[in-house]
Amino acid sequence: MTTKPQTSSSAGKAMLFMALLTIQFGLQPILTRRFTPKTVCKSTVILVQESVKFVLAMSMLTISGELKKAIEGWSISSWLRVAVVPALLYTVQNTCALTAYQNLDGVTFNVLNQTKTLSAAVCCYLIIGRKQSKLQITALAMLFVSALIVEDLLPLKYLFGDDGDGDGKSQTSERKPQSSSHFSHGVLPVLMASFISGLAGAISQKNLQNGGRNPYLFSSELCIASVLSLSVSLLFSPDGERIKSNGFFDQWTMHTLIPVFTNAIGGIVVGLVTKYAGSVRKGFALIFGMVLTGVAQSINDGLPLSLSQVVGGVLAGLSLWLHATNPYKEAKSQKQD
């Protein structure tokens, strides 16, 4: 089956959406950390974010002219079957990701967040039997190593040897000391978010394999389920008491809406990039986004990146490229003589 060549119109859309994804992915960690106060009620941020995503997804569904076709045969039972479990997982993931955004620098967040590729590969294999090629497995190992390097759990001196000055500090001398909450409120939440992302994605794929569901409709269904489940949880959680006492937008500023909207838009743009550019070029957009994160972080903080961040980021980008360009192919039957 041959692939139809892209028209100039679709090629232009692909480039546009790839550029938007690069910008959103690259700047999202910095925007969230800067404009979302640590004292804000995380449940309110996620509720607003999911509501914005719902409006955007339904708008795209309407603009595409596929709304009537998409809702044919829709039922509450089918919505419960395909969307509720992933939505609950994504709600937990969003909470973990927001916590990590607020406590990690942009480069560290984006590198560690790419471990969701590893999580997705493992979960898809266990749940739907999707296999990985040998090069993809190599890429996943590289991704794991990049996370260890960024966190200095695998010091570069052990990989490349000491630089000869005898103090063993050259490769981390530029990096600021980490706070006591760096691991508990930063590294651990982003790793949890990445694992949950892979698990929820695998469950979604299994649920949708035979459904032919419109992706915008599915996104809308996830948003509704997330909003409803989180709203119910507020009846029993400290966040609910806080909202009741201090109001829904306690500790919010107008700037808090910036990362909320960019995050919501990012979810839509990912789907558009996949549609018009494909998963391989989506991987390139994410790589460029990681480069943008490094540049923006250096400018914003007024400090150069540490060597471990640079090496870890490059290794993570290389692993994304290797994984995206070497998909698993079923072994061909034995050739006849």
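On a predicted model such as this, the values are computed, not experimentally measured, just so you know.

Q: Help me understand the overall build of the protein, please; the structure alone is not making it clear to me.
A: Looking only at helices and strands, the protein has 14 helices and zero strands in total. Scanning the protein from its N terminus toward the C terminus, one meets helices and strands in the order α-α-α-α-α-α-α-α-α-α-α-α-α-α. Looking at the protein as a whole, 44% of its 337 residues qualify as buried. Across the protein, contacts joining residues at least 24 apart in sequence account for 88% of those joining residues at least 6 apart. Of the accessible surface of the protein, which amounts to about 18,300 Å², a share of 65% is contributed by carbon and sulfur atoms.

Q: Please explain the packing of aromatic side chains as it appears in this structure.
A: Two measures describe an aromatic ring pair: the distance that separates the ring centres and the angle between the ring planes. Counted according to the given criterion, the structure contains four aromatic pairs. Judged by centre distance (5.6 Å) and plane angle (35 degrees), the ring pair of F17 and Y276 falls under tilted. Note that F17 is positioned in helix α1 (residues 8-35) and Y276 in helix α12 (residues 257-276), a separation of 259 residues in sequence. Centre to centre, the rings of Y101 and F109 are 4.1 Å apart; their planes meet at 20 degrees, and the pair counts as stacked. You can call Y101 buried: its relative accessible area is 11%. Accessibility expressed as a relative area gives 1% for F109, which makes it buried.

Q: Help me out: how do you make sense of helix α6 (residues 115-128) in this one?
A: Along an α-helix, residues three or four positions apart point the same way, because every turn accommodates 3.6 residues. The end-to-end C-alpha distance of α6 is 19 Å, a good match for the 20 Å that 14 residues give at a rise of 1.5 Å each. The secondary structure elements touched by the buried residues of α6 are α5 (106-113), α7 (134-150), α9 (181-208) and α14 (307-325). At the C-terminal side of α6, G129 shows a positive phi close to 75 degrees.

Q: How should the confidence of the model for the protein be read in this particular structure?
A: Keep in mind that low pLDDT regions are not for reading the predicted coordinates in detail. When the pLDDT values of the protein are averaged, the result is 86; 89% of them are 70 or greater. Ignoring residues within four places in sequence, the model shows residues 164-173, a span with pLDDT below 50, making 11 contacts including any to other chains.

Q: Help me out: how do you make sense of α14 in this one?
A: Across its 19 residues, α14 extends 27 Å between first and last C-alpha, which sits within 8% of the 27 Å expected from 1.5 Å per residue. What α14 keeps buried is the set S308, Q309, G312, G313, L315, A316, G317, S319, L320, L322, H323 and A324.

Q: Any chance you could explain the nonpolar core here in plain terms?
A: Nonpolar side chains in soluble globular proteins tend to end up buried together. Within the largest apolar cluster, 26 residues are counted, with the highest numbers of intra-cluster contacts made by L21, V111, V273 and M290. Contributions of two or more residues to this core are made by α1, α2 (42-63), α5, α7, α10 (215-233), α12, α13 (278-301) and α14. Considering each element in turn, this core owes the most residues, five residues, to α1. Excluding residues within four positions of it along the chain, V111 makes contact with S146, A147, V150, M290, G312, G313 and A316. Of all hydrophobic cores here, the second largest spans 11 residues; its members include Y101, L104, F109 and V187.

Q: Honestly, the environment of T44 in this entry has me stumped. Any pointers?
A: Positionally, T44 belongs in helix α2. By relative accessible area, which is 0% here, T44 ends up buried. Counting along the chain gives 186 residues from T44 to L230, while the straight-line C-alpha distance between them is 9.4 Å. Ignoring sequence-local partners within four residues, the contact set of T44 consists of I243, F248 and W252.

Q: Explanation requested: unusual backbone geometry in the structure shown.
A: When glycine is set aside, most residues are seen to have a negative phi, and most peptide bonds are trans. Within the chain, Q251 stands out as a residue other than glycine whose phi angle is a positive 75 degrees. Its location among the elements puts Q251 in the loop between α11 (238-246) and α12.

Q: Would you explain the side chain of H182 in this entry?
A: Inspection of the secondary structure assignment puts H182 in helix α9. Within the structure, H182 has its side chain in polar contact with the side chain of E151 (distance 2.9 Å).

Q: How should a nonpolar patch on the surface be read in this particular structure?
A: Among the surface-exposed residues, I71, W74, I76 and L80 lie close enough to one another that they form a single nonpolar patch of about 380 Å² accessible area. For W74, the position within the fold is in the loop between α3 (67-70) and α4 (76-103).

Q: I tried to follow the packing of α7 against α14 on my own but got confused; where do I start?
A: α14 packs onto α7 with a crossing angle of 165 degrees between their chain directions and a minimal axis gap of 8 Å. Here α7 lies roughly antiparallel to α14, going by the angle between them. Regarding α7 and α14, the two cross each other, and that crossing is left-handed. In contact with L135, Q136, T138, A139, L140, M142, L143, V145, S146, I149 and V150 of α7, α14 contributes S308, Q309, V311, G312, G313, L315, A316, L318, S319, L322 and H323. Partitioning the contact of α7 with α14 into residue classes produces 13 nonpolar, nine polar and no charged.

Rules of the game
Residues numbered from 1 in each chain as written. Predicted model: local features only at pLDDT ≥ 70, side-chain atom pairs only at ≥ 80, totals over all residues. Heavy atoms only, no water. Helix = DSSP H or I, 4+ residues; strand = E, 2+ residues; numbered from the N terminus. Buried < 20%, exposed > 50% of the residue type's maximum accessible area, 1.4 Å probe, protein only. Contact = heavy atoms within 4.5 Å. Areas by Shrake-Rupley, 256 points an atom, 1.4 Å probe, with all protein chains shown as cover. Phe/Tyr/Trp six-rings, centres within 6.5 Å; stacked < 30°, edge-to-face > 60°. Expected span 1.5 Å × (residues − 1). pLDDT = per-residue confidence, 0-100. Core = buried A, V, L, I, M, F, W, Y, C linked by side-chain atoms within 4.5 Å. Polar contact = N/O pair within 3.5 Å; in protein donor to acceptor, adjacent residues only side chain to side chain. Patch = residues over 30% accessible without salt bridge, like charges linked within 9 Å, V, L, I, M, F, W, Y side chains within 5 Å. Salt bridge = Lys/Arg side-chain N within 4 Å of Asp/Glu carboxyl O. Axes fitted to C-alpha atoms, helices over the stretch in contact; angles between N-to-C directions. Parallel < 35°, antiparallel > 145°, perpendicular 65-115°, else oblique. Left-handed = near helix turned anticlockwise from the far one by under 90°. Nonpolar A, V, L, I, M, F, W, Y, C, P; charged D, E, K, R; others polar.

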